[in-house]
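Next come the chains, spelled out residue by residue.
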Amino acid sequence: MKLFKSIKWMLLTVMLCSPAWVSAQLLKGKVVGTNIKNVTIEYSPKGDIMETEYKEVPVKDGAFSFDADLPVETTDVGIIVEGRNDLGAHLTKGKTIEMTITEKDGRLLATYKGEGSDISQVVARMKEAYNIMRYFSLDPSQKKTKEDFLQLLDNEYVAVKPLLKKIKNKQQRNYYSLLNDAECKEIKCRILSNDLYEKKLNPKDDAEYKALLEDVDINDEISRISGLSLTKLLSMMNQSVDFKSDMGPYCTELMQLTDKLVTNPALRRQLVNTVGYNYFTFGDDSGDYHAFFENYKRFSGSENADIPKKYESKIAAWDKTHSGVPAPDITLTDRDGNNIQLSSLRGKFTYIDVWATWCGPCKKEIPHMAKLVERFKGNDKVQFLSISVDESVEAWKKMIEADKPAWAQFNIHGETNKQFSADWGITGIPRFIMIDKDGNIFSADATRPSNEETAKTIEEQTK
């Protein structure tokens, strides 16, 4: 959200300071008239969603603060307030922006003081307007039509326009006006493509979709930051994507297309990240992953050599998590703080959901998981459990207490999560795992609850 951790900016070296008002803070925040215990800062000076990191900042006595050693003069940050509507701010190196969060009719609002306050107002409104998760129906019972989403998008685009006129600097005003257009176009592409895929149609063959991307310059910086560059590149692909299988052919074509068309260094790095993430997160180990990895390192080049290093542990994990080998053990913690070893749960076929409260795609699978649990209710040969990797244990507890899932819930975080992810080669969530009754790996990267093959597999293994 790690796909979709929403959609979601990079944090280089971040130092979180105490909530006391101290000098040289990039952001000082106040919360007035609403009970907020923490906010989460997300940002990327390079604008690469694939390198987004999130830092939770506590709110104490109605105040919070954030500082970072910015590698650039200015950057925009997203501010997620306890899972509610997104806010944002425009930060300037060596300067302080003050932010006050209030609540009106259940919606959080922000006002700003300091250099860049006019831009911060725009950034905050755009973060809310173009939050990709607003344009999906996570709950099937609240499904909206393509027309509903397009109307919402148009309303949000219009709402941003008056704020753009208030940006004092002409050059900055022009930049954010172009970014507003690009962000809106990118979301429209997403809405159209989702609708087409649901109808089992290819966006590449749709006239409206193609017209939207026709004038997009792949190497333009605003196109890159908005996501339009990647969307256009993917629209040129011939190889179909086949998640949960060998992603080698698809990722190889994307590398070839990048070598041919991409000249923007920042976009190339983003694509190096994208290829690695797609191959090692969505693909399985059925292809020649050692050969692919050598090609991927060549593609990354010396300037992006740090990226393939992140996946060396994935290669090692694939080498040791083949079906039939003993499942790595780990200590799980339940909602009451009790610890249990994963190995102690052997004796039944086990289906595991690895997720987090901040992960949109994870939450989209929860209703399907609930249906799966209900389907096998009374079958004492299978068990279901969810493992949250939330660093905020309170956020996890709050969600499961509200949803009251009918299957076992555990949390791992910190070093335990790092070890678990390394053992299983987890580079993104949601992730699903199947372990046989003897405690051996059946599938280290299993199909999702929404995939009808999942139920079929469980039925076959629990006859």
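Reference entry: report on the structure contained in this document. All values derive from a computational prediction rather than experimental measurement. (Residues numbered from 1 in each chain as written. Predicted model: local features only at pLDDT ≥ 70, side-chain atom pairs only at ≥ 80, totals over all residues. Heavy atoms only, no water.)

## Looking at the overall build of the chain
Move 1: For the chain, the count of helices and strands is 15 helices and 16 strands.
Move 2: For 463 residues, the compact-globule estimate of 2.2 N^0.38 gives 23 Å, and the chain sits close to it at 23 Å.
Move 3: Of all 463 residues assigned to the chain, the portion counted as buried reaches 52%.
Move 4: Looking at the chain as shown, the accessible area adds up to about 21,900 Å², and 50% of this sits on carbon and sulfur atoms.
Move 5: Mean positive and mean negative side-chain charge positions of the chain (64 and 69 charges, respectively) differ by 3 Å. (Helix = DSSP H or I, 4+ residues; strand = E, 2+ residues; numbered from the N terminus. Rg over C-alpha atoms; globule rule 2.2 N^0.38 Å. Buried < 20%, exposed > 50% of the residue type's maximum accessible area, 1.4 Å probe, protein only. Areas by Shrake-Rupley, 256 points an atom, 1.4 Å probe, with all protein chains shown as cover. Lys, Arg positive; Asp, Glu negative; His and termini not counted. Charge placed at Lys NZ, Arg CZ, Asp CG, Glu CD.)

## A word on the pattern of salt bridges
Move 1: Within this structure, the stated rule accounts for 23 salt bridges.
Move 2: In this structure, Arg125 engages Glu156 in a salt bridge whose closest nitrogen and oxygen atoms are separated by 3.0 Å. Of the two residues, Arg125 sits in helix α1 (residues 117–129) while Glu156 sits in helix α2 (residues 146–164), which places them 31 residues apart along the sequence. You'll find Arg125 and Glu156 in the same group, each marked buried.
Move 3: Between Glu459 and Arg375 there is a salt bridge, and its shortest N-O distance comes to 2.7 Å. Linking Glu459 in helix α15 (residues 452–461) with Arg375 in helix α12 (residues 360–375), this pair joins segments that are 84 residues apart in sequence.
Move 4: Assessed through its relative accessible area of 33%, Glu459 is described here as partly exposed.
Move 5: Its relative accessible area of 51% is what places Arg375 among the exposed residues. (Salt bridge = Lys/Arg side-chain N within 4 Å of Asp/Glu carboxyl O.)

## A closer look at the packing of aromatic side chains
Move 1: One pass over the structure, following the stated rule, counts 21 aromatic pairs.
Move 2: Where Phe349 meets Phe442, the ring centres are 5.4 Å apart and the plane angle is 75°; that geometry is what we call edge-to-face. Of this pair, Phe349 sits in strand β12 (residues 349–355) while Phe442 sits in strand β16 (residues 441–443), and the two are 93 residues apart along the sequence.
Move 3: Judged by its relative accessible area of 3%, Phe349 falls in the buried class.
Move 4: Put simply, the rings of Tyr279, Phe280, Tyr289, Phe292, Phe293, Tyr296, Tyr311 and Trp318 touch in pairs and so form one group of aromatic residues. (Phe/Tyr/Trp six-rings, centres within 6.5 Å; stacked < 30°, edge-to-face > 60°.)

## Concerning the environment of Leu228
Move 1: Structurally, Leu228 can be placed in helix α6 (residues 228–235).
Move 2: The class for Leu228 is buried, based on a relative accessible area of 3%.
Move 3: Setting aside chain neighbours within four positions, we find Leu228 in contact with Ala182, Lys185, Glu186, Cys189, Leu213, Val216 and Ser223. (Contact = heavy atoms within 4.5 Å.)

## Things to note about helix α11 (residues 312–320)
Move 1: The set of residues buried in α11 consists of Lys314, Ile315, Ala317 and Trp318. Angular distribution of buried residues about the axis of α11 spans 165°; they occupy a single face of the element. (Arc of directions from axis to C-beta.)

## Concerning the state of the cysteines
Move 1: Across all of its chains, the model carries 1 disulfide by this definition.
Move 2: With a sulfur-sulfur separation of 2.3 Å, Cys359 is cross-linked through a disulfide to Cys362. Judged by the sign of its S-S torsion, about 80°, the bond between Cys359 and Cys362 is right-handed.
Move 3: Cys189 supplies the cysteine sulfur nearest to Cys184, a cysteine that is in no disulfide, at a spacing of 9.8 Å.
Move 4: Since its relative accessible area comes to 14%, Cys184 is described here as buried.
Move 5: Cys251 forms no disulfide, and the closest cysteine sulfur to it belongs to Cys359, at a distance of 19 Å. (Disulfide = S-S within 2.5 Å.)

## Here's the deal with the pairing of strand β13 (residues 382–388)
Move 1: Of all 7 residues that make up β13, 7 are buried, and the element is covered over most of its length.
Move 2: The alternating pattern of β13 places Val382, Phe384, Ser386 and Ser388 and Gln383, Leu385 and Ile387 on opposite faces, both of which are buried.
Move 3: Inspection of the sheet shows β12 paired to β13 by 7 bridges, in the parallel sense. By the bridge assignment for β13, Ile352 is matched with Leu385.
Move 4: In this fold, the crossover linking β12 to β13 by way of α12 has right-handed handedness.
Move 5: Across 4 bridges, the pairing between β13 and strand β14 (residues 408–411) is parallel. Its bridge partner being in β14, Ser388 is matched across the sheet by Asn411.
Move 6: After leaving β13, the chain enters helix α13 (residues 393–403) and then returns to the sheet as β14, a path that is right-handed. (Pairing = 2+ DSSP bridges. Right-handed = clockwise from strand over helix to strand, strands pointing away.)

## Concerning helix α14 (residues 414–424)
Move 1: Taken as a whole, α14 has its buried residues at Asn417, Phe420, Ser421, Asp423 and Trp424. Looking straight down α14, one finds its buried side chains confined to an arc of 160°; they lie on one side. Residues Glu415 and Lys418 are exposed on α14 and point more than 90 degrees away from its buried face.
Move 2: On its buried face, α14 sits against α11, β12, β13, β15 (431–435) and β16.
Move 3: Within two residues after α14, Gly425 carries a phi angle of roughly 70°, on the positive side.

## Concerning empty space enclosed by the protein
Move 1: Reported here for the largest cavity is a volume of approximately 100 Å³.
Move 2: Lining the largest cavity, in full, are Ala327, Pro328, Asp329, Leu342, Ser343, Leu345, Arg346, Thr350, Ile435 and Gly439.
Move 3: For the lining of the largest cavity, the per-class residue count stands at 5 nonpolar, 3 polar and 2 charged. (1 Å grid on protein atoms, 1.4 Å probe; cavity = no way out; pocket = protein on both sides within 12 Å on 5 of 7 lines; lining within 4 Å. Points joined across faces, edges and corners; volume = space filled by probe spheres on them. Nonpolar A, V, L, I, M, F, W, Y, C, P; charged D, E, K, R; others polar.)

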